[in-house]
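Here are the chains, one letter per residue:
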Amino acid sequence: PQRKAPALERSRGSEILFGVAPCWLALARARRALFRLFLKEQRGGPGRPLRAELALQAAARGVPVLHVPGRALDALCRGRPHQGVCLEAAPLPFRSLRDAEETDGESGDRQLLWLVLEHIQDPMNLGALLRSAYFLGVDRVVATHSNSCPLTPIVSKASSGAMEVFDVYSTDDLQGFLKAKSAEGWEVVGTASRPEDVEGVPVISCSEFRWDKPLIVVIGTASSRAGDASIQGLFQTQLQCQQMLSIPPGRALHPGIDSLNVSVAAGILLHSICSQKRRHGD
């Protein structure tokens, strides 16, 4: 007789992580409440040892493991690429900036680099930004709470699980935060995709920038659907920057394709900055 499909009703307030890396790292770090691990029913195959390891890891955390048909996983994550693995968990919130200040007090003389994200509403972009920031050695990521994407399962998948191991902080007073860090001796730099549009702040190529003090890099987007308040907020943030960094193009650009995706631009800028640490030592 055909087995009855297990009940897949979710706990109230839970969400479904999907994909091997997010589920693996969420289990390994256990930074959020974990409810159930769902693995695709499969006889043998190349993924069997990995699924067995995930099941052992879940058991060690006291997380129930359910083996379900692939169509059940498809339904759980609404057709997204789950790679045969889903994990029911509590949402992962932003952390308080107060926690960031306390932990950075332990950094000693190490040169610090923070990435500030303003108005990043696309979860794929946010995930890619977190993945690059983690890979390149950024110390802290701070997002504006009111106009940014929350830390969703889509963000975790796009970050290849970096969101599960890398704290993301938030603030509702970005201008106040930047003013306070400037007063503490930090350098605050913004990013300019079109240098000719920037007024009142010097613009230099990212290759000319020299990193010689604690640094905050601010990256933001203003979509075509953004309201006047959002655009005005980005302008006010720009005025808090000591200088703006640009990425010189490699050719004459056609209108409409004269800028980079925000996560790609951030990766180039962060690599240009972080490579100075590797050249000169920590």
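So, here is what we can say about the structure in this document. Bear in mind the structure is a predicted one, so any value in this text is a computation, not a measurement.

1. Observations regarding helix 7 (residues 174–183)
1) Next: For helix 7, the complete set of buried residues consists of Leu174, Phe177, Leu178 and Lys181. Buried residues of helix 7 fall within an arc of 95 degrees about the axis and therefore sit on the same side. Residues of helix 7 that are exposed and point more than 90 degrees away from the buried face comprise Lys179 and Ala183.
2) Next: In the stretch just after helix 7, glycine 185 is the one whose phi turns positive, near 100 degrees.

2. What about the sheet that holds strand 6 (residues 113–118)?
1) Next: Spatially, 5-8-7-6-11-9-12-10 is the arrangement adopted by the eight strands of the open sheet, whose pairing is parallel. Unpaired on one side and paired on the other, strand 5 (95–96) and strand 10 (203–205) mark the two borders of the sheet.
2) Next: When strand 9 (residues 187–191) meets strand 11 (residues 215–220), the two strands line up parallel, connected through three bridges. Residue pairing in the sheet places glutamate 187 in a bridge with leucine 215 of strand 11.
3) Next: Against the sheet, helix 5 (residues 123–136) makes contact with strand 6, strand 7 (140–144) and strand 8 (168–171), and its axis sits at roughly 175 degrees relative to strand 6, the strand it touches most.
4) Next: Along the sheet, helix 7 makes contact with strand 6, strand 7, strand 8, strand 9 and strand 11, crossing strand 6 at roughly 160 degrees.

3. Focus on the sheet that holds strand 2 (residues 34–40)
1) Next: With mixed pairing, four strands are arranged side by side in an open sheet as 1-4-2-3. Each having just a single partner strand, strand 1 (15–18) and strand 3 (65–68) make up the two edges of the open sheet. Neighbour to neighbour, the strand axes of the sheet diverge by 25 degrees on average, direction disregarded.
2) Next: Pairing analysis gives four bridges linking strand 2 to strand 3, with the strands arranged parallel. Bridge assignment links leucine 37 to a residue of strand 3, and that residue is valine 65.
3) Next: Taken strand by strand, helix 1 (residues 20–29) contacts strand 1, strand 2 and strand 4 (85–89), and its axis lies near 45 degrees from that of strand 4.
4) Next: Packed on one face of the sheet, helix 2 (residues 48–60) meets strand 2, strand 3 and strand 4 and runs near 165 degrees to strand 2.

4. Side note on helix 1
1) Next: Three or more residues of helix 1 are buried, namely Val20, Pro22, Cys23, Ala26 and Leu27.
2) Next: Buried residues in helix 1 make contact with strand 1, strand 2, helix 2, strand 4 and helix 6 (153–158).
3) Next: In the segment just after helix 1, alanine 30 is the residue with positive phi, at about 50 degrees.

The rules we used
Residues numbered from 1 in each chain as written. Predicted model: local features only at pLDDT ≥ 70, side-chain atom pairs only at ≥ 80, totals over all residues. Heavy atoms only, no water. Buried < 20%, exposed > 50% of the residue type's maximum accessible area, 1.4 Å probe, protein only. Helix = DSSP H or I, 4+ residues; strand = E, 2+ residues; numbered from the N terminus. Arc of directions from axis to C-beta. Pairing = 2+ DSSP bridges. Contact = heavy atoms within 4.5 Å. Axes fitted to C-alpha atoms, helices over the stretch in contact; angles between N-to-C directions.

Keep in mind these numbers describe shape, not what the thing actually does.
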